[in-house]
Amino acid sequence: QVQLVESGGGLVQAGGSLRLSCAASGIILKINAMGWYRQAPGKQRELVAAITDGGTTTHADSVKGRFTISRDNAKNTVYLQMNSLKAAEDTAVYYCYAHVDTKASGRDYWGQGTQVTVSS
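Quantities reported herein were computed from a predicted structural model and do not represent experimental measurements.

Trainee: So what exactly am I meant to see when it comes to the sheet that holds strand β1 (residues 2–7) here?
Mentor: Within a sheet, each strand pairs with its neighbour through backbone hydrogen bonds, oriented either parallel or antiparallel. Pairing in this open sheet of 4 strands is antiparallel, and the strands run β1-β3-β8-β7 from one edge to the other. Pairing within the sheet leaves two strands with one partner each, and these edge strands are β1 and β7 (67–72). Neighbour-to-neighbour, the strand axes of the sheet open up by a mean angle of 15°, direction not taken into account. Bridge count between strand β3 (residues 18–26) and strand β8 (residues 77–82): 6 bridges; the pairing is antiparallel. From the neighbouring strand, C22 faces β8, where its bridge partner is V78.

Trainee: Quick question: what am I supposed to make of the nonpolar core here?
Mentor: Here is a general trend for soluble globular proteins: nonpolar side chains tend to be buried in one another's company. Counting 31 residues, the largest nonpolar core has W36, V48, F67, L80, M82 and Y94 as its most contacted members. Those elements that place two or more of their residues in this core are β1, β3, β4 (30–39), β5 (46–51), β7, β8, β9 (92–101) and β11 (114–119). Ignoring anything within four residues of it in the chain, the contact list for V48 reads W36, Y37, R38, T58, H59, A60, V63, F67, L80 and Y94.

How each quantity is defined
Residues numbered from 1 in each chain as written. Predicted model: local features only at pLDDT ≥ 70, side-chain atom pairs only at ≥ 80, totals over all residues. Heavy atoms only, no water. Pairing = 2+ DSSP bridges. Helix = DSSP H or I, 4+ residues; strand = E, 2+ residues; numbered from the N terminus. Axes fitted to C-alpha atoms, helices over the stretch in contact; angles between N-to-C directions. Core = buried A, V, L, I, M, F, W, Y, C linked by side-chain atoms within 4.5 Å. Buried < 20%, exposed > 50% of the residue type's maximum accessible area, 1.4 Å probe, protein only. Contact = heavy atoms within 4.5 Å.

Here it is, written out as structure tokens:
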């Protein structure tokens, strides 16, 4: 069984910063892509950023220049550094995911979600 545990969400003022972390644990052979999605009330879940096991990154246009995804393969952890936060745009529940190879199969796993609230 693989688990993803997120941390780092909370309440911050517009213009501020937060750093999200997501650690994977369990019987893991390999973690391929990792990333972050977010979902605001009444909206569809959207990709925020992703990173391959080789370190290639993708960021949504809405967060380019403000958010940075990174990972520590030794710790099976992915991070999302969020700067210059915007109230309406960035307030959401943030979910991390990882495509994990185990002895049984390869599939996506998801964290439980962490709330990020940006006050104006």
